[in-house]
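Remarks on the overall topology
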Amino acid sequence: DAKTTQPPSMDCAEGRAANLPCNHSTISGNEYVYWYRQIHSQGPQYIIHGLKNNETNEMASLIITEDRKSSTLILPHATLRDTAVYYCIVSSPFGGGSEKLVFGKGTKLTVNP
Amino acid sequence: GAVVSQHPSWVICKSGTSVKIECRSLDFQATTMFWYRQFPKQSLMLMATSNEGSKATYEQGVEKDKFLINHASLTLSTLTVTSAHPEDSSFYICSASQNTDTQYFGPGTRLTVL
């Protein structure tokens, strides 16, 4: 079972920031928070991940609370192409490879014109 | 960087035939590859994990004799659906990892079994 809880759907106006929340209250010390998104009929796209510090890249920012029990993915200026299902996943890397990712139902983000 | 391809992107086959799907890491060496399946309006479900040169590890409920996985090189893994039936129709997606904490996904293969 997925270890995260996300709202099933959200709407956002084009050009505005999209803030997607995720609860992971049972996260353990060596588990990272990963965000992927899946546009209809495509494979998931990696967005960002973090352990405990806030992270930012060219796609998004990840804000993790100090107790690590929740996080927020921020798309600073949403576009219509950001409409997708966003998955928040907790997983621990191991042995030089990657621990398996358990996908929940994610949040369906719809960016409106 | 970190591009993963799949071939074919879609395939239609008759019931009882076998279908092979290829997954390639184009610009990195993938020590670990994963195969997922996604039914309509559902989330991705992991089928198996494979490390180069080793036998795949299958998730509970996935028939290893039906879904044959070969990870013969650091850039190629194949999934063969043997004796496919209509209930095997699904979206099959692979991912690859290069000794890092991130998996990169392929674009997926849509399988339709008539």
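Everything that follows concerns the structure shown earlier in this document.
Residues numbered from 1 in each chain as written. Chains lettered and ligands numbered in written order. Predicted model: local features only at pLDDT ≥ 70, side-chain atom pairs only at ≥ 80, totals over all residues. Heavy atoms only, no water.

**What to know about a nonpolar patch on the surface**
Quick reminder of the rule: For patch detection, residues must exceed 30% relative accessible area and be free of salt bridges, and they are connected within 9 Å for like charges or within 5 Å for nonpolar side chains (Val, Leu, Ile, Met, Phe, Trp, Tyr). Here, Shrake-Rupley sampling with a 1.4 Å probe gives the accessible areas, and only protein chains in the shown set may cover a residue. The salt bridge criterion pairs a side-chain nitrogen of Lys or Arg with a carboxyl oxygen of Asp or Glu, the two atoms within 4 Å. Only DSSP runs of H or I reaching four residues or more are called helices, and only runs of E reaching two or more are called strands; each is numbered from the N terminus.
There is a patch of nonpolar side chains on the surface, built from Trp10, Ile12 and Leu114 of chain B and spanning about 390 Å² of accessible area. You can see Ile12 of chain B is positioned in strand E2 (residues 10-13).

**Points about the environment of Arg110 of chain B**
Selection criterion: Residue contacts follow a heavy-atom distance rule, with two residues in contact if any of their heavy atoms lie within 4.5 Å.
Position of Arg110 of chain B among the secondary structure elements: in strand E11 (residues 109-113). Considered as a pair, Arg110 of chain B and Asp88 of chain B are 22 residues apart in the sequence and their alpha carbons are 11 Å apart. Those residues within four positions of Arg110 of chain B in sequence are excluded, and the remaining contacts are Ser41 of chain A together with Ser9, Trp10, Val11, Ser90 and Phe91 of chain B.

**Remarks on the pairing of strand E1 (residues 4-7) of chain B**
All names here are of chain B. Heads up, the condition is: Only protein chains enter the accessibility calculation, which uses a 1.4 Å probe; a residue is then buried when its area is under 20% of its type maximum, exposed when over 50%, and partly exposed in between. By the convention used here, strands pair only if DSSP detects at least 2 bridges between them.
Every second residue of E1 is oriented toward a common face, the buried set being Val4 and Gln6 and the non-buried set Ser5 and His7. Here E1 runs beside strand E3 (residues 19-25); their pairing, made up of four bridges, is antiparallel. Considered in E3, the bridge of His7 is made with Glu22.

**Structural notes on the state of the cysteines**
How we decide: Sulfur atoms of two cysteines make up a disulfide when they are within 2.5 Å.
Under the criterion given, the structure shown has two disulfides over all chains. Here Cys22 of chain A pairs with Cys88 of chain A through a disulfide, and the sulfurs are 2.1 Å apart. Here the S-S torsion is close to -80°, and the disulfide linking Cys22 of chain A with Cys88 of chain A is therefore left-handed. Of this pair, Cys22 of chain A sits in strand E2 (residues 18-23) while Cys88 of chain A sits in strand E8 (residues 84-91), placing them 66 residues apart in sequence. With relative accessibility at 2%, the residue Cys22 of chain A sits in the buried group. A relative accessible area of 1% places Cys88 of chain A in the buried class. The disulfide partner of Cys23 of chain B is Cys94 of chain B, and the S-S distance across this bridge is 2.0 Å. Its S-S torsion of approximately 80° makes the covalent link between Cys23 of chain B and Cys94 of chain B right-handed. Linking Cys23 of chain B in strand E3 with Cys94 of chain B in strand E9 (residues 90-97), this pair joins segments that are 71 residues apart in sequence. According to the relative accessible area criterion, Cys23 of chain B is buried, its value standing at 0%. Judged by relative accessible area, which is 0%, Cys94 of chain B ranks as buried.

**Structural notes on the interface of chain A and chain B**
Short version of the rule: Buried area, as used here, totals the accessible surface that two parts lose on assembly, with accessibility defined by a 1.4 Å probe and the loss added over both. Nitrogen and oxygen atoms within 3.5 Å of one another constitute a polar contact, given that in protein one can donate a hydrogen and the other can accept it, and given that sequence-neighbouring residues count only through two side-chain atoms. Gly counts as polar in this scheme, as do all residues outside two lists: the nonpolar Ala, Val, Leu, Ile, Met, Phe, Trp, Tyr, Cys and Pro, and the charged Asp, Glu, Lys and Arg.
With 20 residues of chain A at the interface, the matching set in chain B holds 23 residues. Taken over both partners, the interface formed by chain A and chain B buries close to 1,600 Å², and the fraction arising from carbon and sulfur atoms is 50%. Run the count over chain A and chain B and you get zero salt bridges. Where chain A packs against chain B, one counts four residue pairs in polar contact (both at pLDDT 80 or more). Mapped by element, the contributors of at least two residues to the side of chain A that touches chain B are strand E3 (32-38) and strand E4 (45-50) of chain A. Tallying contributions element by element places E3 of chain A first for the side of chain A that touches chain B, with four residues. In the side of chain A that touches chain B, the residues fall into nine nonpolar, nine polar and two charged.

**Let's talk about the pattern of salt bridges**
Within the structure shown, the criterion is met by four salt bridges over all chains. A salt bridge links Arg37 of chain A to Asp82 of chain A; the shortest N-O distance between them is 2.8 Å. Of the two residues, Arg37 of chain A is situated in strand E3 and Asp82 of chain A in the loop between strand E7 (70-75) and E8; the sequence distance between them amounts to 45 residues. Pair check on accessibility: Arg37 of chain A and Asp82 of chain A agree, each one buried. In this structure, the salt-bridge partner of Asp88 of chain B is Lys66 of chain B, at a minimum N-O distance of 2.9 Å. With Asp88 of chain B in the loop between strand E8 (76-81) and E9 and Lys66 of chain B in the loop between strand E6 (57-58) and strand E7 (67-73), the pair connects residues that are 22 residues apart, well separated along the chain. Overall, Asp88 of chain B belongs to the buried group, its relative accessible area being 5%.

**Overview of the packing of aromatic side chains**
Spelled out, the test is: Note on ring pairs: Phe, Tyr and Trp rings are taken, using the six-membered ring of Trp, and paired if centres are within 6.5 Å. Classes follow the plane angle, with under 30 degrees stacked, over 60 edge-to-face and the rest tilted.
Here the structure, examined in full by the defined rule, presents 11 aromatic pairs over all chains. Note on Tyr36 of chain A and Tyr46 of chain A: the rings are 5.8 Å apart at their centroids and 70° apart in plane angle, and the pair reads as edge-to-face. With Tyr36 of chain A in strand E3 and Tyr46 of chain A in strand E4, the pair connects residues that are 10 residues apart, well separated along the chain. Residue Tyr36 of chain A shares its accessibility class with Tyr46 of chain A, and that shared class is buried. Overall, the relative accessible area of 0% leaves Tyr36 of chain A in the buried class. Through successive ring pairs, a cluster of aromatic residues spans Tyr36, Tyr46, Tyr87 and Phe103 of chain A together with Phe28, Tyr36, Tyr104 and Phe105 of chain B.

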